Structure formats: structure tokens, C-alpha cells
Amino acid sequence: LKRLVTLAPRVAAFQCQLGSLLVNDRRWQEALPYLYRGLMAGFPDAEPHGKLGLALWNLKRYQEAESAFKRAAQRNSSEPSYEQWRQRCALASSS
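Keep in mind that this is a model prediction, so the values were computed, not measured.

Colleague: Teacher, can you tell me more about the environment of Y34 here?
Modeller: Tracing the backbone shows Y34 in helix α3 (residues 28-40). The buried category is assigned to Y34, whose relative accessible area is 16%. Taking the C-alpha atoms as reference points, Y34 and L52, 18 residues apart in sequence, are found 9.6 Å from one another.

Colleague: Can you walk me through the side chain of H49 in this structure?
Modeller: Along the chain, H49 turns up in helix α4 (residues 47-58). If sequence neighbours within four positions are ignored, H49 has contacts with L39, A68, R71, A72 and R75.

Colleague: Looking at this model, I keep getting lost on the pattern of salt bridges. Mind explaining?
Modeller: It is possible for side chains of opposite charge to pair when their charged atoms get near one another. Evaluation of the coordinates by the stated rule reveals five salt bridges. In this structure, R61 and E64 form a salt bridge, with 2.8 Å as the shortest nitrogen-oxygen distance. R61 gets classed as partly exposed once you look at its relative accessible area, which sits at 27%. In this structure E64 comes out as partly exposed when scored by relative accessible area, which is 34%. Between R86 and E66 there is a salt bridge, and its shortest N-O distance comes to 3.1 Å. Of the two residues, R86 is situated in helix α6 (residues 80-94) and E66 in helix α5 (residues 62-75); the sequence distance between them amounts to 20 residues. Owing to a relative accessible area of 19%, R86 belongs among the buried residues under this scheme. Classification of E66 by relative accessible area gives partly exposed; the value is 21%. Where salt bridges share partners, they join D25, R27 and E30 into one cluster.

Each value, and the rule that gives it
Residues numbered from 1 in each chain as written. Predicted model: local features only at pLDDT ≥ 70, side-chain atom pairs only at ≥ 80, totals over all residues. Heavy atoms only, no water. Helix = DSSP H or I, 4+ residues; strand = E, 2+ residues; numbered from the N terminus. Buried < 20%, exposed > 50% of the residue type's maximum accessible area, 1.4 Å probe, protein only. Contact = heavy atoms within 4.5 Å. Salt bridge = Lys/Arg side-chain N within 4 Å of Asp/Glu carboxyl O.

Listed below in C-alpha cells is the structure:
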């Protein structure tokens, strides 16, 4: 998948997929550039925003994580975990 991303760096789906796989592997910092590039290229789904939030949460970047979870919740309001994570981030950043 990394090779595909280098061959087609502007394909948002590949960027987001690789970032998501890295988050699943708990490689938080390594996932960030792929998720950011995919989202900046206009990938519309909620999941990459949620994965970005999870990576940022684990890096203790709570305000940024809160924003990512908020965007995920706006894109998929039927998934309550995004809002729950957003609230956790808000509490963590105010501590």
C-alpha cells in the first residue's frame, strides 16, 4: 500500500487507507501525514477523521483530536462513539 501511495500520492482513498492501517497498528505519529494528506485531498468519509482523532489522542494532542472527532461526528451522526471521544478530548484538554 505504501508503494501505491508513492505512485499515486494524490489519491485520497489510498492516503486515508494507509493512515488507518497505521493507526490500527498503533503507529500514531507515522499515520498522521497520510491521514492529513488524504483528508486535505477531500476524502469525504467520517472514518479517517475518527482515525486521525484517535492518533492525536494517543499523542496527547487533545485539542486537535477533539476537532477531528467533531468533524467525524458531523459526517456520521449515527455513530455515537465520535461524540463520546470528542467529549473525552474536551475534558482532557481542560485538565
